[in-house]
6 protein chains.
Amino acid sequence: MAKFNRILITGAAGALGTVLRENAQHLADTLRLTDIADMGEAKANEEIVQADLGDFNTVLEMTKNVDAVIHLGGMALENTFETILNANIRGFYNLYEACRQNGVKRIVFGSSNHAIGFYEREAMIDSFVPHRPDSLYGVSKAFGEDLARYYWDKFGIETLSIRIGSCFPEPLDRRMLATWLSYRDFIQLCDRGLNTTRVGFTVVYGVSANRENFWNNQQAAFIGYQPQDSAEIYREKVEANSSQPNPNDTAVVYCGGSFPAAGHFEDK
Amino acid sequence: MAKFNRILITGAAGALGTVLRENAQHLADTLRLTDIADMGEAKANEEIVQADLGDFNTVLEMTKNVDAVIHLGGMALENTFETILNANIRGFYNLYEACRQNGVKRIVFGSSNHAIGFYEREAMIDSFVPHRPDSLYGVSKAFGEDLARYYWDKFGIETLSIRIGSCFPEPLDRRMLATWLSYRDFIQLCDRGLNTTRVGFTVVYGVSANRENFWNNQQAAFIGYQPQDSAEIYREKVEANSSQPNPNDTAVVYCGGSFPAAGHFEDK
Amino acid sequence: MAKFNRILITGAAGALGTVLRENAQHLADTLRLTDIADMGEAKANEEIVQADLGDFNTVLEMTKNVDAVIHLGGMALENTFETILNANIRGFYNLYEACRQNGVKRIVFGSSNHAIGFYEREAMIDSFVPHRPDSLYGVSKAFGEDLARYYWDKFGIETLSIRIGSCFPEPLDRRMLATWLSYRDFIQLCDRGLNTTRVGFTVVYGVSANRENFWNNQQAAFIGYQPQDSAEIYREKVEANSSQPNPNDTAVVYCGGSFPAAGHFEDK
Amino acid sequence: MAKFNRILITGAAGALGTVLRENAQHLADTLRLTDIADMGEAKANEEIVQADLGDFNTVLEMTKNVDAVIHLGGMALENTFETILNANIRGFYNLYEACRQNGVKRIVFGSSNHAIGFYEREAMIDSFVPHRPDSLYGVSKAFGEDLARYYWDKFGIETLSIRIGSCFPEPLDRRMLATWLSYRDFIQLCDRGLNTTRVGFTVVYGVSANRENFWNNQQAAFIGYQPQDSAEIYREKVEANSSQPNPNDTAVVYCGGSFPAAGHFEDK
Amino acid sequence: MAKFNRILITGAAGALGTVLRENAQHLADTLRLTDIADMGEAKANEEIVQADLGDFNTVLEMTKNVDAVIHLGGMALENTFETILNANIRGFYNLYEACRQNGVKRIVFGSSNHAIGFYEREAMIDSFVPHRPDSLYGVSKAFGEDLARYYWDKFGIETLSIRIGSCFPEPLDRRMLATWLSYRDFIQLCDRGLNTTRVGFTVVYGVSANRENFWNNQQAAFIGYQPQDSAEIYREKVEANSSQPNPNDTAVVYCGGSFPAAGHFEDK
Amino acid sequence: MAKFNRILITGAAGALGTVLRENAQHLADTLRLTDIADMGEAKANEEIVQADLGDFNTVLEMTKNVDAVIHLGGMALENTFETILNANIRGFYNLYEACRQNGVKRIVFGSSNHAIGFYEREAMIDSFVPHRPDSLYGVSKAFGEDLARYYWDKFGIETLSIRIGSCFPEPLDRRMLATWLSYRDFIQLCDRGLNTTRVGFTVVYGVSANRENFWNNQQAAFIGYQPQDSAEIYREKVEANSSQPNPNDTAVVYCGGSFPAAGHFEDK
């Protein structure tokens, strides 16, 4: 595998950022890590940049001398629109525009199944369906994909957009038996996003090789993602901890789980 | 896996009913078994109801206090229309209407590839193509799927319709190298039909993981069916017992095998 | 236009049968008319057969020396299953089987939009979607289409299945501004079903050239149906007589109008 | 046609807003007009609200006692991201959220072909393709469609999203011979968006019945849009004023015309 | 409409070539006409080149100083393979290669429905289906389309490939009621092929606005072809001269009419 | 597996012909081998015919008493058109016509990914897309598929067309990590092409079970091809020998690799 000189990881203090920090040293000689939160001390091959993605000049600075970006920053849950607007929409634009100005040509984007969360489970959607976000958070991910597509069509910046299902150490509920993405498979996706010869603008569903599966990953076959894990080994444990829900609960009908059924955040 | 209190199995004296009776005790505390034929004595966790599905009141009675149904009853081969009409069409309606009145919300339906038997092998059809039945029997299975769809859309009764290929202890001829469904995989399908959180109205082709395969089961990925068997281990034996047929024989051209080429039953 | 020697019209006492009786003399030298109800006296070029389609021998007799059939018979509204079963399901089989035995090779079938009434308006479905009936009546029309397909694939009997929208002298409510089929256009469809060189098994939506339209008739272009009327000239009148309904009323959401929302008939 | 009590028109001082103001009095008893720019004096049936859509409380106020909205406000051309962000993204959210809080259930959205401007002309795209914006402006329209879809799926607010081609008094260049939307047809689209019984979330391409056409409007057939004008009568004039461009010019290859080839706005 | 300086018309002595010669003077200042047969004397704005397209150097010469080509040359009926090979396959290559060397960038190709003649009428195919030729002649037209596609993808030479149905003064049999292309509409197609701003590689079915229609011309909407004629006015005459054929005759089943049923030419 | 009496292998002196000669004795009692080049001495079960496929009478002779053909002959690389014309186009016709005259009904055709080499990698094309050849060589393969389709539709000669990716002992560059076909998997494909009960006209992509994959082989599931090898074990070696190319290099963008970017052969 080709090794990059330096890659930037945004959202490095978050759960998935931490996973990469601990397990993805092989991806580059130097990991430049950024987050609005404290990330502790830099290890040998790390550079630490505590910053707000909402500030363009800071982002312009942090994308200098970078070969590629894994973008996990921003709000990872539903919030008020103004919060989402700054962290995810403005932050996303800042990152892509800064990459354009600095000549960075490859980005792995941690998108979300919530960009299409209002499709029914049995629809078995692929990567080409129109967005149906299930939250303002999901809308911001849809925005990110649309903007990334624009930067590819217009400026030739490649993006692998990973619509992450549920990335946790293990599946926590019955839905995650279908939507779970193991850390190991998440790392593989980041690796493929960086190292596949050509990515263009490609959307892949970030799920492990689970027995149940809501999404058709056919489009992504060319990037060579072959998940190694399955939620199935956790089935007994998960089913023991919960009763079977009503199949017509909103949280069951739609791919997005609890999001389509959740309360709405109003700005104060 | 969640265990049901009581499930009803129709056609319990038939070949597949017997398979379930012997191997599916884990699916429920009590198996209520029904058939028009004699089923012998009830075992510890069994209830026996010998009855004709063509009689509504009997069906209404037998669906009381039932959590789910596996419907295998009716004629399993071509016959005269009046025979099919009573056993499969009226019987099918009786079952669904009785379930509606008794509040049973989940049914596994033993449909058949003969509901689409007039498609060519190389068409590689999926679960969304219009019916092309190859027999009056196949027409009755198409009717069953249409009625089940209606009961889902209108009354919220879920159905997993399994278009069974060829369910036998082992494949008996060259076509079955593609259409074979092992007993173990059949049981898994019944299990998934009962225990998947949400089924809605879903059509799955009931075939094992055979090397040759006529059908695209993509739609059913969300129910988590992962066949464990393959007809391939029987290939040598099957091929030794038969010569290669003409590729343009009607029985070879179409998915339905001998059915599209078979004689027509006339009512006397 | 080629003129037939004798065609059989079933349901000849009904509204559409009467339309044909009065306006379709040009289709054949002799119109053989049948209905379970009284049809009055035969005119010069007519033959009258009062009969129940549920009786096979009678149907066998009435299809002798017939060149083609326009099948409008059976229940035209929701009813109990047993009523539907006899009139529409058994009656439909009787007709096709009698045609097979008597060598009749072309049938125009008055199917219904209620065979697909549970699709949403905005789905813009074509002729190839799976059935989604909205009533037992709709299930019987779906059965008819499946059986007709079988008689085409197996016995070479051609059917034009017309999924009639709303065939009345004029549109009666707002939905009919989209679903209306004028008598003139209905007659044209019967004409095309009889006189197109090859029909095979083809499904066409029976609607005029209305401004609003729920269905994609692309598949039927080869039969040469070009509607002459539009519901638009009745818009002002229709809208004056009714207020705009709620867009989320069941009767508005689905193609089938009042059917998906209607009460369920139980057999006594 | 049902007449609304009061509709709100945003962007009322712009070109299309002015068209509606002058020609759409029949749509409602009262037109409430809003723009950030001066709109002159209110006529008899008008209410004037000069305001910035970027301010939520103002938008909340102006959507009170309104039956429906025609949303034309925001930047109508490419600009810097911060300008787009405030006018189109924040403004769009403010409008939908205010409608939700005030119970307004129907919106006609002036979207743009620039939301899909990076598709090639010969792709003949329909309404279901993923967004491929050709500008930050186009990204903001894609955002609007995604957010509108969310407000439909979650809150039942209906939107007709009109992807306007080129809405001018007459076509100004050769591309507009295909993309032109006459004022009369634009008004019809607004009318259909308001008065069609059910719209759900529907995307329609806003073009007249031009001889050349880049887009497939099949999905919108159910809303009953029947364009009355064609750019063809201006062909001679348009062609006389320009020479044939190179077919491989970026401005010719893509649906978006000059946008995909235009310079990029950087924030200062 | 832009006028070309000089266009080359191959097959100029044939029926369609003669139509253009007589009616297409407006397309260019000079028509250079070529055929292997005698074309009589050149008119004022004509240049005559009697030649065999099978000879490359001759073709190279005749494509000099040409702005565009309308290619109608070659065998127009079934023949032996060697005849087809020289006239249609080698001749086609010679033309495209000569255009490449001389910088000619736009070609209108008289292809044929026989390139897809083995599809059934009711398949309602569009421009994207794989070829299914019904003759060696049809295979050569499929070859032409494949080669033209290659010259577009690799060298940027644009082609409008017109799959001509039946281009005669009037329809001669019942099939032509669906497949007829009037001379006027043929000329319009040539005009659009030359004058549409961008054609890329596009396949259009060459049929008039006939009532019956076997083919879906949706892809070609962007070139602005709007047929002015219909075979319908000849229906009475055509039907009077022939009886209705059997719908299962090979010549009726398939789009290609008599070709799929015709005898096979063997080289001597 | 059924064993043939005699099969003909064309191109037997080439790389793939040699692979079959050494490893495919189990396919038939007698292998008749033909090539224009010297093939050495015949082994026990071999017949050697050194000949030019461009000569019909020779091909007619060599296809006598043959049960099936594996056609690998012709130019295997880009060349001048006249060379391609004789070897691949005339030769291909000669073979099919000779098979027709001698009653040979099953052919395995070594087609090539270069018949569709101008599709982008991320298009994930299936077997039904129109040809987009990337070379004259690719055009000749497209011609072969079109002609084979004709011989199936018209004369009932079955063909499995294998669009071979890169068939070498091991993958030689980064693209071949996706396109590699092992010799073992190539032999399996030939076996399936000969021994599947019915092939009709079927296109399969000839690739091993590589991690990266450009093509969707769904249509071919019914023939039972299950690749046993993967290029993945060679990844480290391949990547060590080359640097990552630019994702926008023509040789990377398109499926055909170096072919779309290669120079053009002109006839002298």
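Residues numbered from 1 in each chain as written. Chains lettered and ligands numbered in written order. Predicted model: local features only at pLDDT ≥ 70, side-chain atom pairs only at ≥ 80, totals over all residues. Heavy atoms only, no water.

**Topic: helix α3 (residues 81-102) of chain F**
Given 3.6 residues per turn, any residue in an α-helix points the same way as the ones three and four places further on. Residues and elements named next belong to chain F. Taking 1.5 Å of rise per residue, 22 residues should cover 32 Å, and α3 covers 30 Å from first to last C-alpha, within 8% of that figure. Counting buried positions over the 22 residues of α3 gives 16, a clear majority of the element. Among the residues trailing α3, G103 stands out with phi positive, at a value near 75°. (Helix = DSSP H or I, 4+ residues; strand = E, 2+ residues; numbered from the N terminus. Expected span 1.5 Å × (residues − 1). Buried < 20%, exposed > 50% of the residue type's maximum accessible area, 1.4 Å probe, protein only.)

**Digging into the interface of chain D and chain A**
With 39 residues of chain D in contact, the opposing surface of chain A contributes 39 residues. At the boundary of chain D with chain A, total buried surface from both sides reaches about 3,200 Å², with 58% on carbon and sulfur atoms. The largest contributions to the chain D side of the interface with chain A come from Y93, Y150 and H264 of chain D, which together make up 18% of the buried area. The interface formed by chain D and chain A holds 6 salt bridges in total. R90 of chain A serves as the salt-bridge partner of E82 of chain D, at 2.8 Å between the closest nitrogen and oxygen. Summed over the shared surface of chain D and chain A, the result is 18 residue pairs in polar contact (both at pLDDT 80 or more). Elements supplying a minimum of two residues to the side of chain D that touches chain A: α3 (81-102), α4 (136-155) and α9 (258-261) of chain D. A per-element tally of the side of chain D that touches chain A places α4 of chain D first, with 12 residues. (Contact = heavy atoms within 4.5 Å. Buried area = accessible area lost by both parts, 1.4 Å probe. Salt bridge = Lys/Arg side-chain N within 4 Å of Asp/Glu carboxyl O. Polar contact = N/O pair within 3.5 Å; in protein donor to acceptor, adjacent residues only side chain to side chain.)

**With respect to the pattern of salt bridges**
In this structure the tally under the stated criterion is 120 salt bridges over all chains. E120 of chain B serves as the salt-bridge partner of R198 of chain F, at 3.8 Å between the closest nitrogen and oxygen. Of this pair, R198 of chain F sits in the loop between α6 (183-195) and β9 (201-206) while E120 of chain B is found in the loop between β5 (106-112) and α4 (136-155), placing the two residues in two different chains. According to the relative accessible area criterion, E120 of chain B is partly exposed, its value standing at 34%. A salt bridge links E212 of chain F to R235 of chain F; the nearest nitrogen and oxygen atoms lie 2.8 Å apart. With E212 of chain F in the loop between β9 and α7 (235-240) and R235 of chain F in helix α7, this pair connects stretches of sequence that are 23 residues apart.

**With respect to the interface of chain A and chain F**
Across the contact, 21 residues belong to chain A and 18 residues belong to chain F. For the pair chain A and chain F, the summed buried area comes to about 1,600 Å², and 45% of that belongs to carbon and sulfur atoms. On the chain A side of the interface with chain F, the three residues burying the most area are T197, R198 and F222 of chain A, jointly 44% of the side's total. Inspection of the region where chain A meets chain F yields 3 salt bridges.

**Some words on the environment of G193 of chain D**
All names here are of chain D. Locating G193 in the fold gives a position in helix α6 (residues 183-195). Remark: the alpha-carbon pair of G193 and F109, spanning 84 residues in sequence, is separated by 8.9 Å. Excluding residues that lie within four positions of it along the chain, G193 makes contacts with R106, V108, L160 and V199.

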